[in-house]
Amino acid sequence: MPLPPPPAAGSSGRCVLSFAAARDRCFSRRFLRAGLRPLAIPLPAGLDPAEATTTVHIWVPSRPPRNPLLLLHGFGASATWQWAPYLRPLIVAGFDPIVPDLVFFGGSCTRLPDRSDAFQASTIKAAMDAIGVPRFGLVGVSYGGFVGYRMAAMFPEAVERVAMICAGVCLEEKDLAEGLFPVAGVGEAAALLVPRRPEEVRRLVRLTFVRPPLIMPSCFLWDYIKGCAVQTLIVI
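This section reports on the structure supplied with the text. Quick caveat: nothing in here was measured; it's all calculated off a predicted structure. (Residues numbered from 1 in each chain as written. Predicted model: local features only at pLDDT ≥ 70, side-chain atom pairs only at ≥ 80, totals over all residues. Heavy atoms only, no water.)

What about helix H8 (residues 198–208)?
Working step 1: Restricting attention to buried positions, one finds in H8 the residues Pro 198, Val 201, Leu 204 and Val 205. On an axial view of H8, the arc spanned by its buried residues comes to 120°, and they lie on one face. (Buried < 20%, exposed > 50% of the residue type's maximum accessible area, 1.4 Å probe, protein only. Helix = DSSP H or I, 4+ residues; strand = E, 2+ residues; numbered from the N terminus. Arc of directions from axis to C-beta.)

Describing the nonpolar core
Working step 1: Within the largest apolar cluster, 27 residues are counted, with the highest numbers of intra-cluster contacts made by Ile 58, Leu 70, Leu 72, Ile 124, Met 128, Phe 136 and Met 151.
Working step 2: Secondary-structure elements contributing two or more residues to this core are strand E1 (36–44), strand E2 (52–61), strand E3 (68–72), helix H4 (117–130), strand E6 (136–141) and helix H5 (143–154).
Working step 3: Of all the elements, H4 adds the most residues to this core, at five residues.
Working step 4: Setting aside chain neighbours within four positions, we find Ile 58 in contact with Arg 37, Pro 38, Leu 39, Ile 41, Ile 98, Val 99, Pro 100, Met 128 and Ile 131.
Working step 5: Counting residues in hydrophobic clusters, the runner-up holds 15 residues, among them Ala 34, Leu 71, Ala 79 and Val 141. (Core = buried A, V, L, I, M, F, W, Y, C linked by side-chain atoms within 4.5 Å. Contact = heavy atoms within 4.5 Å.)

So, a positive patch on the surface
Working step 1: A contiguous patch of positive charge on the surface is contributed by Arg 23, Arg 25, Arg 29, Arg 30, Arg 33 and Arg 88.
Working step 2: With five residues, helix H1 (residues 19–33) is the largest single contributor of residues to the positive patch.
Working step 3: Inspection of the secondary structure assignment puts Arg 29 in helix H1.
Working step 4: Under the relative-accessibility criterion, Arg 29 is labelled partly exposed at 45%. (Patch = residues over 30% accessible without salt bridge, like charges linked within 9 Å, V, L, I, M, F, W, Y side chains within 5 Å. Areas by Shrake-Rupley, 256 points an atom, 1.4 Å probe, with all protein chains shown as cover. Salt bridge = Lys/Arg side-chain N within 4 Å of Asp/Glu carboxyl O. Lys, Arg positive; Asp, Glu negative; His and termini not counted. Charge placed at Lys NZ, Arg CZ, Asp CG, Glu CD.)

Section: the side chain of Asp 96
Working step 1: Of note, Asp 96 is situated in strand E4 (residues 96–100).
Working step 2: Reaching out from Asp 96, the side chain makes a polar contact with the side chain of Arg 63 at a distance of 3.3 Å.
Working step 3: Within the local environment of Asp 96, its side chain forms a polar contact with the backbone nitrogen of Arg 66, the two atoms lying 2.8 Å apart. (Polar contact = N/O pair within 3.5 Å; in protein donor to acceptor, adjacent residues only side chain to side chain.)

Overview of the packing of H4 against H5
Working step 1: Put simply, H4 and H5 touch, their axes get as near as 8 Å, and they point 70° apart. Here H5 runs roughly perpendicular to H4, going by the angle between their axes. Contact residues: Asp 117, Ala 118, Gln 120, Ala 121, Ser 122, Ile 124 and Lys 125 in H4; Tyr 143, Phe 146, Val 147, Arg 150, Met 151 and Met 154 in H5.
Working step 2: In terms of residue class, the contact of H4 with H5 is made up of eight nonpolar, two polar and three charged. (Axes fitted to C-alpha atoms, helices over the stretch in contact; angles between N-to-C directions. Parallel < 35°, antiparallel > 145°, perpendicular 65-115°, else oblique. Nonpolar A, V, L, I, M, F, W, Y, C, P; charged D, E, K, R; others polar.)

What to know about the packing of aromatic side chains
Working step 1: The full count for this structure, using the stated rule, is six aromatic pairs.
Working step 2: Summarising the aromatic geometry, the rings of Phe 31 and Trp 59 are spaced 4.9 Å apart at their centres and angled 55° between planes, so their arrangement reads as tilted. With a gap of 28 residues between them, Phe 31 in helix H1 and Trp 59 in strand E2 connect regions that are remote in the sequence. The exposure classification of Phe 31 matches that of Trp 59, with both residues buried.
Working step 3: Connected via pairs of aromatic rings, a cluster forms that spans Phe 75, Phe 105 and Tyr 143. (Phe/Tyr/Trp six-rings, centres within 6.5 Å; stacked < 30°, edge-to-face > 60°.)

Description of the pattern of salt bridges
Working step 1: Tallied over the full model, the rule gives seven salt bridges.
Working step 2: Across the pair Arg 135 and Glu 160 runs a salt bridge whose closest N-O atoms are separated by 3.3 Å. Separated by 25 residues along the polypeptide, Arg 135 in the loop between H4 and E6 and Glu 160 in strand E7 (residues 159–165) bring together distant segments of the chain.
Working step 3: We classify Glu 160 as partly exposed; its relative accessible area is 41%.
Working step 4: Note that Arg 197 is salt-bridged to Glu 200, the shortest N-O span being 2.7 Å.
Working step 5: You can call Arg 197 partly exposed: its relative accessible area is 41%.

Here's what the structure looks like:
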């Protein structure tokens, strides 16, 4: 089903400026120019489609895909932030990108209590079935790599090939204890991925970017935290 138009900026009539919202609109326009359209797919927990408990927001090609490639994002605001720069190169290379928001990110949500990667895998597979794509290639970045790994294990008849980028699917807690990553444990890693203050965003960027920005104004970082990053808290 098509998505409804975005709500007006503030019910009081005031124009609220948001760097994160403006950037999200820019990324969405890039998806539209690349020939993708957004859908909101309701998924019922049982047999009654009227009792949908989960909704998957997904960008799909305007025409039936010939070489479908499922792109799974990592922790962040939404799929558009992760994949906007790569749509055109992938299309030129002959792929038809299909780009969902994982549950608890962007426009995808659920009333179910499950937080496992197996639940994510089952949900995205159900969305692919709903749009009529039974077989596909898959690329997953970071957390999306964990979900892609699980999808390939659960649905080998559907996943033709998998590429995992920066996804530590074999990582164990002892690896953190031995200093493989600059965090003390899983709890600190989870807090790092969902920053709540500008200084935490700066630390995350320094650890994850080869060339981090030299200047990151706190006003922009607060806007990102309040408008985008905070919605991922529910996943952990």
